[in-house]
Amino acid sequence: LDVRVVEDPHFLSAPVLDRYDVIIMNWMNHEQPAPGEAARENLRRFVEEGGGMVLIHFACGAFQDWPAFVELAGRVYDPKLRPHDPYGTFSVVPIDQEHPITKGLTAFDITDELYTCLAGAPPIQVLAHSRSKVDGKDYPMAFVLTPGKGRVFHCPLGHDAQALRTPGAAELIRRGVLWSAGLTIAN
């Protein structure tokens, strides 16, 4: 993969977005508003016309001012819900062994935040989940959806670098990026 890191979310409004196969988002800036209408429309068009998008951790809350973001993200941060279990160790269990992202992937333990705050109604395909130690419910830790012609992989794991270095999480995200870009996943 040829990777370019862009720290300014206003890049999403750039006409060069179409040069990329997949956009990986791992940001939510509490101190500045999200990029405006041009970025929202460009990102929506990019995904719906066949681009890939990967959402990591709190990117589910990147566009608090854009209710339609849920159509691209599948599930978004809902501040009315309990945000997450206390930071700690939990298991991530693949539940769809037929999908290319999770085929052959085994359960793994991670030290992270188990998000319980995602809400939305668009149809998603849950690939892996985790059980909350607080309320005993299962929550999606990896899921996909296909808005328009696009491919979206959403994974709320990744609170810190340690979590992203966890071998199971790193492999799950690697596969999610490849799938979103329309590339073959070598297991």
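Scroll up for the structure.
Now for a look at the structure at hand. Model, not experiment: these values are computed from the prediction. (Residues numbered from 1 in each chain as written. Predicted model: local features only at pLDDT ≥ 70, side-chain atom pairs only at ≥ 80, totals over all residues. Heavy atoms only, no water.)

### Looking at helix α1 (residues 37-48)
For step 1, the next point in the chain: Taking 1.5 Å per residue, twelve residues should reach 16 Å; α1 reaches 16 Å between its end C-alpha atoms and fits that length.
For step 2, the next point in the chain: Regarding α1, the residues found buried are A39, R40, N42, L43, F46 and V47.
For step 3, the next point in the chain: Contacts from the buried residues of α1 go to β1 (22-25), β2 (52-56), α2 (69-73) and β9 (151-155).
For step 4, the next point in the chain: G50 occupies a position one or two residues after α1 and carries a positive phi of about 120°. (Helix = DSSP H or I, 4+ residues; strand = E, 2+ residues; numbered from the N terminus. Expected span 1.5 Å × (residues − 1). Buried < 20%, exposed > 50% of the residue type's maximum accessible area, 1.4 Å probe, protein only. Contact = heavy atoms within 4.5 Å.)

### Some points on helix α4 (residues 167-180)
For step 1, the next point in the chain: An ideal rise of 1.5 Å per residue puts 20 Å on 14 residues; α4 measures up with 20 Å between its terminal C-alpha atoms.
For step 2, the next point in the chain: α4 sits mainly inside the fold: ten of its 14 residues count as buried.
For step 3, the next point in the chain: Here α4 has its buried residues at G168, A169, L172, I173, R175, G176, V177, L178, W179 and S180.
For step 4, the next point in the chain: Looking at the packing, one finds that the buried side of α4 touches β1, β2, β5 (108-112), β8 (138-145), β9 and α3 (161-165).
For step 5, the next point in the chain: Looking one or two residues past α4, G182 carries a phi angle of roughly 80°, positive in sign.

### Focus: the sheet that holds β1
Strand-to-strand pairing in sheets goes through backbone hydrogen bonds, with the strands running parallel or antiparallel.
For step 1, the next point in the chain: Here we have seven strands laid out as an open sheet, ordered β1-β2-β9-β8-β7-β4-β5, and mixed in their pairing. With one partner strand each, in any of the chains shown, β1 and β5 form the two edges of the open sheet. Along the sheet, successive strands turn relative to each other by an average axial angle of 20°, direction set aside.
For step 2, the next point in the chain: Of the pairings in the sheet, the one linking strand β4 (residues 88-94) to strand β7 (residues 125-131) comprises two bridges and is antiparallel in character. Its bridge partner lying in β7, V93 is registered against H129.
For step 3, the next point in the chain: Along the sheet face, α4 touches β1, β2, β5, β8 and β9 and points at about 165° away from the line of β9. (Pairing = 2+ DSSP bridges. Axes fitted to C-alpha atoms, helices over the stretch in contact; angles between N-to-C directions.)

### Considerations on the side chain of S180
For step 1, the next point in the chain: Here S180 shows up in helix α4.
For step 2, the next point in the chain: Overall, S180 belongs to the buried group, its relative accessible area being 2%.
For step 3, the next point in the chain: Polar side-chain contacts of S180 include one of 2.9 Å to the backbone oxygen of G176.
For step 4, the next point in the chain: Ignoring sequence-local partners within four residues, the contact set of S180 consists of D21, V22, G52, M53, V54, R151, V152 and F153. (Polar contact = N/O pair within 3.5 Å; in protein donor to acceptor, adjacent residues only side chain to side chain.)

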